[in-house]
Amino acid sequence: MKINKNIKIFFNYFLGPLLFAWLCWSIYNQVRQQEGLAASWVQIKASLNSSKIIYLLAVMALMAVNWLTEAYKWQLAVKTVQRLSFLRALKATLAGVSFSVSTPNSIGDYVGRVLYIDEGKRIKAATLTVVSNASQLLVTMGMGLCSLYFLKEPLVAARIISQLWFDSLFYIVALGVVVLLIFYFRISWMVKWINRIPSGKKFSWSIEALEHFNATVLLRLLSLSVTRFFIFILQYFLLFQLFEVDLSFWQTWTGVSVLFLILAIIPTIALFTDLSIRGSLSLTILGLFNANQLGISLTSASIWLINLIIPALVGSVLVLGIKRIFKSKNENA
């Protein structure tokens, strides 16, 4: 009981407010340091004062659909360990975003989500979350690999990458997709293999829930990940229209797919490097199709703000209310 009380105090009076303040300060610094901020602001005001503001409203609506889809996907993934209401799954997902933005490659996502899982089940839920996230990574890598194939000539011709390095990257990603596919659809094999290792038996309890994944559930997780990926592409396309970047849907799809692939495989700490890296990569890759650097930069920054920062701020506020979770647990004890 004392431990639970201390944890409640830590989250409610220290970590929650600190996380919210840290996010606000980091966002301010990121935006302030962007090049051409004055010109960007003029362009934003011009876009918002036109009929094209409907594109922004649509992107905001798609952001909500995106995280609702992710919450449902996670709810589906962890149901063998704990059945969660959809609202609680959504809160956990947003809390995960708030932790992920300040950790390398979003590893804090697991911490935020498992706070909404009962004690004694959190490690098992974390392993199931790995599978849920692996489905999204598989879609990202698969789409990125296909897009790399179609963008080979433009990338090499623009001297963004040499022929040798492109071929090396392509085959490494292809190998990664194959390995991830095997891991994803043959999780039970991995569990059995670990159980056969003497030193692995001590960890078998934490991954036994993975054996409950069947092909139907795995395909549902994968289909939801494809849905989220399509939402991302559509958001980019709509923002390109808003900021007058003349790209076809196919160009948007291939360019953004390669962008997501690179972002998925390079290590980043979101609030310190993510916005600048996204902007730089967006200009390099999407600049193959259009010379409107300002529009591309604004689109990249808007996606970062709408899809990551706004949900993270909401999640950090939810962390402030974590005391209700511990209170309900204590009352049921």
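Residues numbered from 1 in each chain as written. Predicted model: local features only at pLDDT ≥ 70, side-chain atom pairs only at ≥ 80, totals over all residues. Heavy atoms only, no water.

Novice: Got a minute to help me understand helix α4 (residues 86–100) in this structure?
Specialist: Within an α-helix, residues lying three or four positions from one another point in the same direction, as the helix has 3.6 residues per turn. Spanning 15 residues, α4 covers 21 Å between terminal C-alpha atoms, matching the ideal 21 Å at 1.5 Å per step. Within α4, eleven of the 15 residues are buried, leaving the element largely enclosed by the surrounding structure. Among all positions in α4, only Ala89, Leu90, Ala92, Thr93, Leu94, Ala95, Gly96, Val97, Ser98, Phe99 and Ser100 are buried. (Helix = DSSP H or I, 4+ residues; strand = E, 2+ residues; numbered from the N terminus. Expected span 1.5 Å × (residues − 1). Buried < 20%, exposed > 50% of the residue type's maximum accessible area, 1.4 Å probe, protein only.)

Novice: What is the right way to read the packing of helix α3 (residues 53–78) against α4 from this model?
Specialist: The relative placement of two packed helices is expressed as an angle between their axes plus a distance between the axes. Between α3 and α4, the least distance of the axes is 8 Å, while the angle of their chain directions is 110°. By the angle between their axes, α3 is roughly perpendicular relative to α4. Residues Trp67, Leu68, Glu70, Ala71, Tyr72, Trp74 and Gln75 of α3 form the contact with α4, whose own contacting residues are Phe86, Ala89, Leu90, Ala92, Thr93, Leu94 and Val97. Residue composition of the contact of α3 with α4, grouped by class: eleven nonpolar, two polar and one charged. (Axes fitted to C-alpha atoms, helices over the stretch in contact; angles between N-to-C directions. Parallel < 35°, antiparallel > 145°, perpendicular 65-115°, else oblique. Contact = heavy atoms within 4.5 Å. Nonpolar A, V, L, I, M, F, W, Y, C, P; charged D, E, K, R; others polar.)

Novice: Explanation requested: the pattern of salt bridges in the structure shown.
Specialist: Two side chains bearing opposite charge may form a pair once their charged atoms approach each other closely. Applying the stated criterion across every chain yields a total of seven salt bridges. Residues Lys73 and Glu70 are paired through a salt bridge, measuring 3.2 Å at the closest nitrogen-oxygen approach. Of the two residues, Lys73 and Glu70 are both situated in helix α3; the distance of three residues between them amounts to about one turn of the helix. On the basis of relative accessible area, Glu70 is assigned to the buried category, the value being 2%. We note a salt bridge from Arg228 to Glu70, for which the minimum N-O separation is 2.9 Å. Of this pair, Arg228 sits in helix α11 (residues 215–242) while Glu70 sits in helix α3, placing them 158 residues apart in sequence. What makes Arg228 buried here is its relative accessible area of 7%. When salt bridges with common partners are traced through the structure, they connect Glu70, Lys73, Asp109, Arg113 and Arg228 into a single cluster. (Salt bridge = Lys/Arg side-chain N within 4 Å of Asp/Glu carboxyl O.)

Novice: Which parts of the structure should I look at to understand the side chain of Arg113?
Specialist: Looking at where Arg113 falls in the secondary structure, it is placed in helix α5 (residues 108–114). Look past the residues within four positions of Arg113 in its chain and what remains in contact with it is Glu70, Trp74, Ala92, Thr93, Gly96, Thr129 and Asn133.

Novice: Hey, could you run me through the packing of aromatic side chains in this one?
Specialist: Each aromatic ring pair is specified by the distance between its two centres and by the angle formed by the two planes. Applying the stated criterion to the full structure yields 14 aromatic pairs. With centroids separated by 6.2 Å and ring planes inclined at 55°, the aromatic side chains of Phe230 and Phe249 adopt a geometry described as tilted. Linking Phe230 in helix α11 with Phe249 in helix α12 (residues 249–265), this pair joins segments that are 19 residues apart in sequence. Their ring planes at 50° and their centres at 6.3 Å tell us that Phe230 and Trp253 sit as a pair that is tilted. Of the two residues, Phe230 sits in helix α11 while Trp253 sits in helix α12, which places them 23 residues apart along the sequence. Using a relative accessible area of 19% as the deciding quantity, one classes Trp253 as buried. We note Arg228 situated over the ring of Trp67; from NZ or CZ to the ring centre the distance is 5.1 Å. (Phe/Tyr/Trp six-rings, centres within 6.5 Å; stacked < 30°, edge-to-face > 60°. Lys NZ or Arg CZ within 6 Å of the ring centre and 35° of its normal.)

Novice: Whenever I open this one, unusual backbone geometry confuses me. Can you help?
Specialist: The bulk of non-glycine residues show a negative phi, and the bulk of peptide bonds are trans. The backbone phi angle of Arg159 is positive, close to 60°, even though this residue is not glycine. For Arg159, a relative accessible area of 78% translates into the label exposed. Even without being glycine, Glu244 reaches a positive phi, approximately 60°. By the secondary structure assignment, Glu244 is in the loop between α11 and α12.

Novice: Before we go on, may I ask you to explain the environment of Val178 in this structure?
Specialist: Following the sequence through the fold, Val178 ends up in helix α8 (residues 163–185). Considered as a pair, Val178 and Gly142 are 36 residues apart in the sequence and their alpha carbons are 9.4 Å apart.

Novice: Before we go on, may I ask you to explain the packing of helix α6 (residues 122–150) against α8 in this structure?
Specialist: Packing of α6 against α8 brings their axes to within 10 Å, and their N-to-C directions diverge by 150°. Crossing hand, α6 versus α8: left-handed. Mapping the contact onto sequence places Val131, Ala134, Ser135, Leu137, Leu138, Met141, Gly142, Leu145, Leu148 and Tyr149 in α6 and Phe166, Leu169, Phe170, Val173, Ala174, Gly176, Val177, Leu180, Leu181, Phe183 and Tyr184 in α8. (Left-handed = near helix turned anticlockwise from the far one by under 90°.)

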